[in-house]
Amino acid sequence: MSSAKSTRDWLTELGLAQHADTFEREQIDLDAVRHLREENLKDLGLPMGHRVKLLAAIQVLAAIPAASRAPAETSGPTAGEQQASALHTYTPRHLAEKILTSRSALEGERKQVTVLFCDIANSTPLAEKLGAEAMHALLQRFFVLSLEEVHRYEGTVNQFLGDGFMALFGAPIAHEDDARRGVLTALGIRRLLLDRQWELGLRAGDELQVRMGLNTGLVVVGSIGDNLRMDYTAVGDTTNLAARLQQNAQPGQILVSESTARLVRGYAKIEESPPLSVKGKSETVHVFEVTAAGTRRSRIDAARLSPFVGRERELAFLVHAGEEASSHRGQVVGIVGEPGVGKSRLLHEFRRGLRSKGTPFLEAACQSFGRSVPYLPLQDALRGACEILESDAPGEVREKLWRALIDLGLSTEQTGPYMLRLLGLTE
């Protein structure tokens with residue numbers, strides 16, 4: 001099958017066969033298609049609707065490694081089959097390398113994971129309105145956008161379920177904050193789909209609504225193949241409860257179990273929901289709804305702390321450094337130690353002392369899942385100082401930022417635009 005013929009087949013399956021001659025005239029084969037951008041499609045004279053559909057399909061096609069495509073002289077999977085395969089097996093290179101490098105140690109291991117189930121709540125009425133072709137393109141774009149968020153927090157997609165999927169946080173790659181990563185992923189997917197509805201090819205007045213459920217519990221990691229397909233055996237109905245929560249969620253709602261809520265309290269805003277009766281369980285299940293990201297930054301829960309004992313020398317050193325900084329003599333202090341020795345508690349006591357003296361300070365954290373975000377600690381410090389929440393609309397962000405700048409005696413006209421740009425916003 002020739003490269004040009006493959007391109008024609010691909011366009012035909014997308015319902016865009018009318019552009020095949022244009023692609024052939026410009027000698028755009030499937031390898032070249034993977035690198036096309038919106039400005040290239042504009043140069044080809046394609047209308048906006050077709051550009052949106054093509055860009056969604058190109059993102060899926062780009063996920064297929066070149067070596068995995070059938071050779072030009074042999075018959076192989078159709079472009080549609082390849083796209084479906086890419087959605088099922090695509091994992092970013094850095095995650096794939098981590099998984100394959102450590103899989104021998106992972107297989108058969110008992111791990112605590114957070115399971116996320118997500119599906120489109122209104123897929124049936126949308127399919128009736130849009131038709132099969134447009135619905136297929138919408139599903140492709142939905143999966144691409146959702147996978148971006150899952151992989152951003154180093155989760156893995158274990159199953160695709162028609163118009164939804166199942167993702168795991170904590171297996172095969174484990175982190176100390178996997179429950180938090182799972183909840184932030186759910187919030188990110190909901191926000192991303194709302195902010196980028198126009199990319200889904202929806203008509204005016206239509207809206208894509210998803211519902212999600214999360215649970216944290218034990219699983220046993222099974223075999224991990226070279227294609228990264230993984231088998232997991234649930235222990236104690238871990239996955240079953242997450243699926244039930246998703247099924248009972250209302251459109252746009254994120255429901256979590258008590259075990260997940262306990263691990264993310266403070267990092268997310270949580271409201272208790274009516275208990276659920278779940279098949280196979282004799283007692284009702286406590287359920288909580290995640291409404292927004294929280295303001296908690298420290299792993300320390302101040303409400304549950306015991307009296308601070310010891311570490312007087314280390315605390316005195318920090319207090320002295322703070323006094324030097326207050327006297328305009330800058331200080332840099334590094335605190336290093338094994339997990340659990342009390343680094344976070346020491347900083348908590350230091351911050352509490354600063355507050356008691358009325359000493360202003362800014363606080364920020366470097367998140368392991370934010371390595372790809374430029375200036376993330378500065379963004380975190382700015383959001384904390386201005387009390388900006390992740391759920392705030394652009395207008396609310398601007399209002400809070402302007403108020404903080406005025407309180408500091410800074411010019412909103414000179415400083416404001418740069419601060420907004422740092423937060424990813426424009427005036």
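Quick caveat, the model's predicted, so the values are computed rather than measured.

1. A word on the overall build of the chain
Part 1: The number of helices and strands found in the chain is 17 helices and eight strands.
Part 2: Residues classed as buried in the chain amount to 43% of the 427 residues present.
Part 3: In the chain, once contacts between residues fewer than 6 apart in sequence are set aside, the share between residues at least 24 apart is 65%.
Part 4: Total accessible area computed for the chain in this model is approximately 23,200 Å², and 51% of it derives from carbon and sulfur atoms.

2. Topic: the nonpolar core
Buried together is how nonpolar side chains tend to be arranged in soluble globular proteins.
Part 1: If you look at the biggest cluster of nonpolar residues, it comprises 42 residues, and the most contacted ones within it are Phe-142, Phe-165 and Leu-208.
Part 2: With sequence-adjacent residues up to four places away left out, Phe-165 is seen in contact with Leu-116, Phe-117, Cys-118, Phe-142, Phe-143, Ser-146, Val-150, Val-157, Gln-159, Phe-160 and Ile-189.
Part 3: Residues Ala-20, Val-33, Leu-46 and Ile-58 belong to the second largest nonpolar core, which totals 15 residues.

3. Quick notes on the packing of aromatic side chains
Part 1: Inspection of every chain in the model, using the stated rule, returns two aromatic pairs.
Part 2: Arranged with centres 5.2 Å apart and planes meeting at 50°, the rings of Phe-142 and Phe-143 form a pair that is tilted.
Part 3: Judged by relative accessible area, which is 0%, Phe-142 ranks as buried.
Part 4: Ring geometry for Phe-142 against Phe-165: centres 6.3 Å apart, planes inclined by 45°, an arrangement best described as tilted. One end of the pair, Phe-142, is in helix α9 (residues 132-152); the other, Phe-165, is in strand β3 (residues 164-169), and 23 residues separate them in sequence.
Part 5: Judged by relative accessible area, Phe-165 falls into the buried class, the value being 0%.
Part 6: The residue whose ring lies beneath Arg-265 is Phe-288, and the NZ or CZ to ring-centre distance is 5.8 Å.

4. Notes on the packing of α9 against helix α10 (residues 178-195)
Helix packing geometry: the angle between the two helix axes and the distance between the axes.
Part 1: For the pair α9 and α10, interaxial distance at closest approach is 9 Å and the crossing angle is 145°. Handedness of the α9/α10 crossing: right-handed. Across the interface between the two elements, Phe-142, Leu-145, Ser-146, Glu-148, Glu-149, Val-150 and Arg-152 of α9 pack against Thr-185, Gly-188, Ile-189, Arg-191, Leu-192 and Leu-193 of α10.
Part 2: The residue makeup of the contact of α9 with α10, split by class, is six nonpolar, three polar and four charged.

5. So, α10
Part 1: In this model α10 runs 25 Å from its N-terminal to its C-terminal C-alpha over 18 residues, within 8% of the 26 Å that 1.5 Å per residue would give.
Part 2: Most of α10 is tucked away, with 14 of its 18 residues classed as buried.

6. Topic: the confidence of the model for the chain
Part 1: Taken over all residues, the pLDDT of the chain has a mean of 78, while the share at 70 or more is 77%.
Part 2: When pLDDT is averaged over each element of the chain, strand β6 (residues 254-257) comes out on top at 96 and helix α6 (residues 79-89) at the bottom at 42.
Part 3: Residue range residues 1-5 is modelled with pLDDT below 50. Its contacts to residues more than four positions away, or to other chains, number nine contacts.
Part 4: The model gives residues 63-89 a pLDDT under 50, and that stretch makes 38 contacts with residues more than four places away or in other chains.

7. Considerations on the packing of helix α8 (residues 123-130) against α9
Part 1: Running from amino to carboxyl end, α8 crosses α9 at an angle of 130°, the nearest separation of the two axes being 7 Å. One finds that α8 runs oblique with respect to α9. Note that α8 runs across α9; the crossing there is right-handed. Here Ser-123, Leu-126, Ala-127 and Leu-130 of α8 come into contact with α9, specifically with Ala-132, Ala-134, Met-135 and Leu-138.
Part 2: Across the contact of α8 with α9, the residue classes tally to seven nonpolar, one polar and no charged.

8. Here's the deal with the environment of Arg-351
Part 1: Looking at where Arg-351 falls in the secondary structure, it is placed in helix α14 (residues 343-357).
Part 2: Overall, Arg-351 belongs to the buried group, its relative accessible area being 13%.
Part 3: Taking the C-alpha atoms as reference points, Arg-351 and Leu-318, separated by 33 residues in sequence, lie 9.9 Å from one another.

9. Considerations on unusual backbone geometry
Part 1: Residue Gln-27 is not a glycine yet carries a positive backbone phi of 55°.
Part 2: Among the secondary structure elements, Gln-27 is positioned in the loop between α2 (20-25) and α3 (30-33).
Part 3: The phi dihedral of Glu-387 falls on the positive side, at around 60°, and the residue is not glycine.
Part 4: Classification of Glu-387 by relative accessible area gives exposed; the value is 60%.

Reading guide: rules and limits
Residues numbered from 1 in each chain as written. Predicted model: local features only at pLDDT ≥ 70, side-chain atom pairs only at ≥ 80, totals over all residues. Heavy atoms only, no water. Helix = DSSP H or I, 4+ residues; strand = E, 2+ residues; numbered from the N terminus. Buried < 20%, exposed > 50% of the residue type's maximum accessible area, 1.4 Å probe, protein only. Contact = heavy atoms within 4.5 Å. Areas by Shrake-Rupley, 256 points an atom, 1.4 Å probe, with all protein chains shown as cover. Core = buried A, V, L, I, M, F, W, Y, C linked by side-chain atoms within 4.5 Å. Phe/Tyr/Trp six-rings, centres within 6.5 Å; stacked < 30°, edge-to-face > 60°. Lys NZ or Arg CZ within 6 Å of the ring centre and 35° of its normal. Axes fitted to C-alpha atoms, helices over the stretch in contact; angles between N-to-C directions. Left-handed = near helix turned anticlockwise from the far one by under 90°. Nonpolar A, V, L, I, M, F, W, Y, C, P; charged D, E, K, R; others polar. Expected span 1.5 Å × (residues − 1). pLDDT = per-residue confidence, 0-100. Parallel < 35°, antiparallel > 145°, perpendicular 65-115°, else oblique.

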